[in-house]
Amino acid sequence: MSALPLPWQEATWAALNTSIDGERLPHAVLISGDEGIGKSRLATALAQRLICSAEMVKYACGACKTCTLFSAGNHPDVSYLAPEEKGKPIKIEQVRKLCVSLGKTAQQGGWKVAIISPAEAMNISSANALLKNLEEPQGKTLLILVSNRPSRLSATIRSRCQKLSMPTPDTQMALQWLTDVTSDASAAAQVLPLAGGRPLLALNYLQSDNLDQRQQFEALVSDVGTGAMSPLAAAQQCQKLDGEMSIEWFSRYIHRLATTELADKPNPALFSFSDKLLLARNWIASGNNPNPQMLWEELFMDWAMVFKRRK
Ligand SMILES: [Zn+2]
């Protein structure tokens, strides 16, 4: 199997191919952009393109021995670095281990590639350990950093990487892709806006029970707003939800509310509440493990207040 870039990544892909063919590929690239637009796919496609042993190809062939090893997740010269537990930082020991493996000669005689995702999960000591490797790159080595929040990476790391900022694709292209993949044009059209136009996130919604979960969550949010449910009861139902994801849903719910129902009645409390959500999300993303009951209680209590003031 061959990992291919997505249709909206073709321009970036063409530029990468030019660099590879001209042997001008840097030692590190930073693929950044919103979650759910296919950054990991680009990283995988690039890694496979580099290790593929077929000659003169624009994409990995998907059939050679190295491609087969790659697809099975067994290629000895491709490493993946991610937090051992979701939401936790990438540890310095993990980075050190990676650096040792990158320092060795490629077993298949070609490129050595490491994908670090999400790169912002590296804490200061992990990032420093990686920097050393970026300063002394070994031969045909490529580090691919993938990040939803590149501003959280140290300036030194960012400056050592070639930046590939990936935009959210335009709606038509995203919709076409989602329809092709799911063979369901109406579901695609329904879900893409809910996913903020991010096609891989939309696909994730369609392939999992995320959409149901999200609708249930929005019903809770609405009930707390109208006073039909108490903040405490709502908080209890949110304990098992993924914190970052549900706060993202909350933010998008508010955005929808502010641009539709409340478009003519701007409510400053709504905006300060949005800031609060952003803080909560950053707090969770930074690897702090807030008590979910307390976090949601506080958020829902404030949320209820937004509407008390309005009435
Ligand atoms: Zn191949």
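What this report covers is the structure whose coordinates are included nearby. (Residues numbered from 1 in each chain as written. Predicted model: local features only at pLDDT ≥ 70, side-chain atom pairs only at ≥ 80, totals over all residues. Heavy atoms only, no water.)

### Notes on the coordination of the zinc ion
At step 1: Surrounding the zinc ion are the protein donor atoms Cys52 (SG), Cys61 (SG), Cys64 (SG) and Cys67 (SG), at 2.3 to 2.4 Å.
At step 2: Geometry at the zinc ion is tetrahedral, judged from the four donor atoms that bind it and their angles of 103 to 118 degrees at the metal.
At step 3: Residue classification places Cys52 among the buried residues on the basis of a relative accessible area of 10%. (Donors = N, O, S within 2.8 Å, 3.2 Å for Na, K, Ca; no water. Tetrahedral: all angles 85-135°; square planar, octahedral: opposite > 155°, others 65-115°. Buried < 20%, exposed > 50% of the residue type's maximum accessible area, 1.4 Å probe, protein only.)

### Some points on helix α12 (residues 243-259)
Working note: α-helix, 3.6 residues per turn, so residues spaced by three or four point in the same direction.
At step 1: Its 17 residues place the ends of α12 24 Å apart at the C-alpha level, agreeing with the 24 Å of an ideal helix rising 1.5 Å per residue.
At step 2: Every buried residue belonging to α12 is among Gly243, Ser246, Ile247, Glu248, Trp249, Phe250, Tyr253, Ile254 and Leu257, and all of these are buried.
At step 3: A side-chain oxygen of the first residue of α12 lies 3.2 Å from the backbone nitrogen of Glu244; this N-cap is Asp242. (Helix = DSSP H or I, 4+ residues; strand = E, 2+ residues; numbered from the N terminus. Expected span 1.5 Å × (residues − 1). Polar contact = N/O pair within 3.5 Å; in protein donor to acceptor, adjacent residues only side chain to side chain.)

### Some points on the pattern of salt bridges
At step 1: Considering all chains together, one arrives at 13 salt bridges under this definition.
At step 2: For Arg160, the salt bridge is made with Glu135, and the minimal N-O distance between the two is 3.3 Å. Of this pair, Arg160 sits in helix α6 (residues 155-160) while Glu135 is found in helix α5 (residues 124-135), placing the two residues 25 residues apart along the sequence.
At step 3: Across the salt bridge formed by Arg252 and Glu248, the nearest N and O atoms sit 2.6 Å from each other. Taken together, the positions of Arg252 and Glu248, both in helix α12 and four residues apart, correspond to about one turn of that helix.
At step 4: According to the relative accessible area criterion, Arg252 is partly exposed, its value standing at 25%.
At step 5: Classification of Glu248 by relative accessible area gives buried; the value is 16%.
At step 6: Through salt bridges with shared partners, one network takes in Arg198, Glu248, Arg252 and Arg281. (Salt bridge = Lys/Arg side-chain N within 4 Å of Asp/Glu carboxyl O.)

### Structural notes on the environment of Val95
At step 1: Within the secondary structure, Val95 is located in helix α4 (residues 92-103).
At step 2: In sequence terms Val95 and Ala82 are 13 residues apart; their C-alpha atoms lie 9.7 Å from each other.
At step 3: Discounting chain neighbours no more than four positions away, the residues touching Val95 are Leu81, Ile90, Met122, Ser126, Ala129 and Leu130. (Contact = heavy atoms within 4.5 Å.)

### A look at α4
At step 1: An ideal rise of 1.5 Å per residue puts 16 Å on 12 residues; α4 measures up with 16 Å between its terminal C-alpha atoms.
At step 2: Taken together, the buried positions of α4 are Ile92, Gln94, Val95, Leu98, Cys99 and Leu102. Down the axis of α4, the smallest arc covering the buried residues is 155 degrees, so these residues share one side. Turned more than 90 degrees away from the buried face of α4 sit Lys97 and Val100, all of them exposed. (Arc of directions from axis to C-beta.)

### Some words on the packing of helix α10 (residues 210-226) against helix α11 (residues 231-238)
At step 1: One way to put it is that α10 packs onto α11 with a least axis distance of 10 Å and a crossing angle of 165 degrees. Overall, the two elements α10 and α11 adopt an arrangement that is roughly antiparallel. Considering how the two elements wind past one another, α10 and α11 form a crossing that is left-handed. Contact residues: Phe217, Leu220 and Val224 in α10; Pro231, Ala234, Gln237 and Cys238 in α11.
At step 2: The residue inventory of the contact of α10 with α11, partitioned by class, reads six nonpolar, one polar and no charged. (Axes fitted to C-alpha atoms, helices over the stretch in contact; angles between N-to-C directions. Parallel < 35°, antiparallel > 145°, perpendicular 65-115°, else oblique. Left-handed = near helix turned anticlockwise from the far one by under 90°. Nonpolar A, V, L, I, M, F, W, Y, C, P; charged D, E, K, R; others polar.)

### Focus on the side chain of Arg281
At step 1: Within the secondary structure, Arg281 is located in helix α13 (residues 268-285).
At step 2: Owing to a relative accessible area of 18%, Arg281 belongs among the buried residues under this scheme.
At step 3: When neighbours within four sequence positions are excluded, Arg281 is seen to be in contact with Arg149, Glu244, Ile247 and Glu248.

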